[in-house]
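Report on the structure
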Amino acid sequence: MTYLRYAPDIERPTPDEQETIDGIIKGMTQQSQTVEKREHHAVRASHAKSSACVIGEMTVSEGLPPELAQGLFARPGTHKVAVRFAQGPGETLGDGVSTHRGMSIKVFGVPGDKLPGHDVDTQDFVLATGTTFPSGTAAGFLRDGTVIGKATGLPEGVKSAVAATARNLNRVLHAFGTESAMADFLGHPYSHPLADSYFSQAPMRFGDYVAKLGAVPASPAQHDLAEWRLDPHQDEDGFRHAAVDYFGGNDAVYELKAQLWADAERQPIEDASVDWPVTISPYRAVATIRLPRQDAYSPERVRYFDEMMTFRPAHSLAEHRPLGSVMRARLQVYRALSDFRHRENGVTAENTALPESIPA
């Protein structure tokens with residue numbers, strides 16, 4: 001198969017993109033202010049409620065073909081990693097509001113040219129459930145974010161009802177062999193956090209090529225959780241308790257996979273709402289992430305992960321630069337909202353350079 005090469009001109013920003021990004025930052029900051037007023041504390045504007053904060057290792061596979069042996073994955077070897085699993089909303093809600101989930105990965109010991117403003121040897125991959133980002137573009141991000149922002153002040157019962165409606169809609173669509181990415185975004189199944197797969201959703205540079213990434217469960221213990229479902233009426237923090245219980249007795253293993261860019265028409269760079277067909281380019285393993293059994297929610301570690309540590313697409317090698325409209329927005333939005341959160345809480349943000357900085 002022939003894969004398309006990266007070149008700077010594959011990105012095509014719209015003339016008003018910066019105005020749109022400024023609007024996203026303004027709207028999400030207002031949303032964060034609403035949440036801070038209610039919770040008396042500033043939280044992440046997305047993925048506020050963590051379910052597990054863990055450390056482990058990522059091993060880059062040996063013998064990768066040239067198109068996969070790129071950037072961080074150019075040389076086989078093992079890197080320490082920190083991984084934060086979290087629920088999607090930018091507020092602390094009961095698990096009856098089961099929306100999309102996040103898996104943020106910080107890889108340590110990664111030398112090389114970095115994006116501007118990133119000055120330590122790490123690489124962040126910010127992943128979420130679902131292979132696409134339903135809003136598609138920065139303009140869609142602003143549109144959908146405005147709707148979500150207006151809903152922030154609504155009672156939690158209303159949000160739970162919306163999530164239930166979206167979840168039921170997708171269940172019906174699945175019966176007819178289709179699905180809605182937005183329905184899954186708003187109403188993800190009550191599945192186990194360690195049984196889900198997580199994706200970059202939007203593309204990134206992959207050395208000489210372009211790719212999307214996915215992290216797929218790869219241990220028998222995780223596969224055994226495929227039919228697990230939370231009863232939110234029994235436990236409003238059930239996803240956290242399930243993840244902590246899992247890590248108390250089991251290792252978690254993920255295959256990190258790359259889906260290379262092969263067709264400019266059917267695999268667009270600028271619209272992250274378009275699923276890249278695996279019939280054109282399948283996800284192919286490039287590394288294995290192993291997260292050993294551990295205390296996944298010790299108070300000191302959780303405080304460090306949730307309050308001080310930062311995970312951003314901008315924490316990246318130049319060879320893995322995020323691409324496309326949504327990612328260009330995220331490069332600015334993540335920083336602005338992190339600055340707001342840390343400033344409001346009187347906490348110094350940390351672009352963690354060494355795994356030894358993370359509490360046990």
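Going by the structure above, here's the rest.
The structure displayed is predicted, hence computed values, not measured ones.

The subject of this paragraph is helix α2 (residues 138-151). Taking 1.5 Å per residue as the helical rise, α2 with its 14 residues ought to reach 20 Å, and the 20 Å between its terminal C-alpha atoms agrees with that figure. Of the surrounding secondary structure, the elements contacted by the buried residues of α2 are α1 (17-39), α4 (181-186) and α8 (325-345).

What follows is about unusual backbone geometry. Leave glycine aside and you will find that most residues have negative phi; peptide bonds, for their part, are mostly trans. Within the chain, His 47 stands out as a residue other than glycine whose phi angle is a positive 60°. Relative to the elements of secondary structure, His 47 occurs in the loop between α1 and β1 (50-60). Residue classification places His 47 among the buried residues on the basis of a relative accessible area of 10%. The phi torsion at Gln 201 lies on the positive side, around 70°, for a residue other than glycine. Structurally, Gln 201 can be placed in the loop between β5 (198-199) and β6 (204-206).

Where α1 meets α8, the closest approach of the two axes is 9 Å, and the angle between their N-to-C directions is 35°. For the pair α1 and α8, the sense of crossing is right-handed. On α8, the residues that touch Glu 17, Gln 18, Ile 21, Ile 24, Ile 25, Met 28, Thr 29, Ser 32, Gln 33 and Glu 36 of α1 are Ser 325, Arg 328, Ala 329, Gln 332, Val 333, Ala 336, Leu 337, Phe 340 and Glu 344. Class assignment for the residues of the contact of α1 with α8 results in nine nonpolar, six polar and four charged.

This next bit is on the side chain of Arg 167. Within the fold, Arg 167 resides in helix α3 (residues 156-175). A polar contact is formed between the side chain of Arg 167 and the backbone oxygen of His 188, at a distance of 3.4 Å. In contact with Arg 167, other than residues within four places in its own chain, are Gly 96, Ser 98, Gly 187, His 188, Pro 189 and Tyr 190.

Once that is clear, we can look at the packing of aromatic side chains. Counted according to the given criterion, the structure contains eleven aromatic pairs. When the centroid spacing of 6.3 Å and the interplanar angle of 15° are considered together, the rings of Phe 73 and Phe 125 count as stacked. Placement of Phe 73 in the loop between β1 and β2 (77-87) and of Phe 125 in strand β4 (residues 122-128) is noted, with a sequence separation of 52 residues between them. Note on Phe 73: relative accessible area 1%, which makes it buried. Across the ring face of Tyr 190, the terminal group of Arg 167 is positioned such that the distance to the ring centre comes to 4.1 Å. When the ring centre of Phe 133 is taken as reference, the NZ or CZ atom of Arg 330 above it lies at 4.7 Å.

Where burial is concerned, most of β2 is hidden: eight out of the eleven residues are buried. Sheet topology note: the β1/β2 ladder contains ten bridges and is antiparallel. Along β2, the bridge assignment pairs Ile 55 with Ala 82. Where β2 and strand β3 (residues 101-108) come together, seven bridges link them in antiparallel fashion. Bridged to Val 81 within β3 is Val 107.

Taken together, the side chains of Leu 154, Val 158 and Val 162 define a hydrophobic patch exposed on the protein surface, amounting to about 220 Å² of accessible area. By secondary structure assignment, the location of Val 162 is in helix α3.

Take the environment of Gly 214 next. Relative to the helices and strands, Gly 214 is located in strand β7 (residues 209-217). A relative accessible area of 0% places Gly 214 in the buried class. In this structure the C-alpha to C-alpha distance between Gly 214 and Ala 285, which are 71 residues apart in sequence, comes to 9.0 Å. Leave out the neighbours within four places in its chain, and Gly 214 touches Tyr 198, Phe 199, Glu 255, Leu 256, Lys 257 and Tyr 283.

The rules behind these values
Residues numbered from 1 in each chain as written. Predicted model: local features only at pLDDT ≥ 70, side-chain atom pairs only at ≥ 80, totals over all residues. Heavy atoms only, no water. Helix = DSSP H or I, 4+ residues; strand = E, 2+ residues; numbered from the N terminus. Expected span 1.5 Å × (residues − 1). Contact = heavy atoms within 4.5 Å. Buried < 20%, exposed > 50% of the residue type's maximum accessible area, 1.4 Å probe, protein only. Axes fitted to C-alpha atoms, helices over the stretch in contact; angles between N-to-C directions. Left-handed = near helix turned anticlockwise from the far one by under 90°. Nonpolar A, V, L, I, M, F, W, Y, C, P; charged D, E, K, R; others polar. Polar contact = N/O pair within 3.5 Å; in protein donor to acceptor, adjacent residues only side chain to side chain. Phe/Tyr/Trp six-rings, centres within 6.5 Å; stacked < 30°, edge-to-face > 60°. Lys NZ or Arg CZ within 6 Å of the ring centre and 35° of its normal. Pairing = 2+ DSSP bridges. Patch = residues over 30% accessible without salt bridge, like charges linked within 9 Å, V, L, I, M, F, W, Y side chains within 5 Å. Areas by Shrake-Rupley, 256 points an atom, 1.4 Å probe, with all protein chains shown as cover. Salt bridge = Lys/Arg side-chain N within 4 Å of Asp/Glu carboxyl O.

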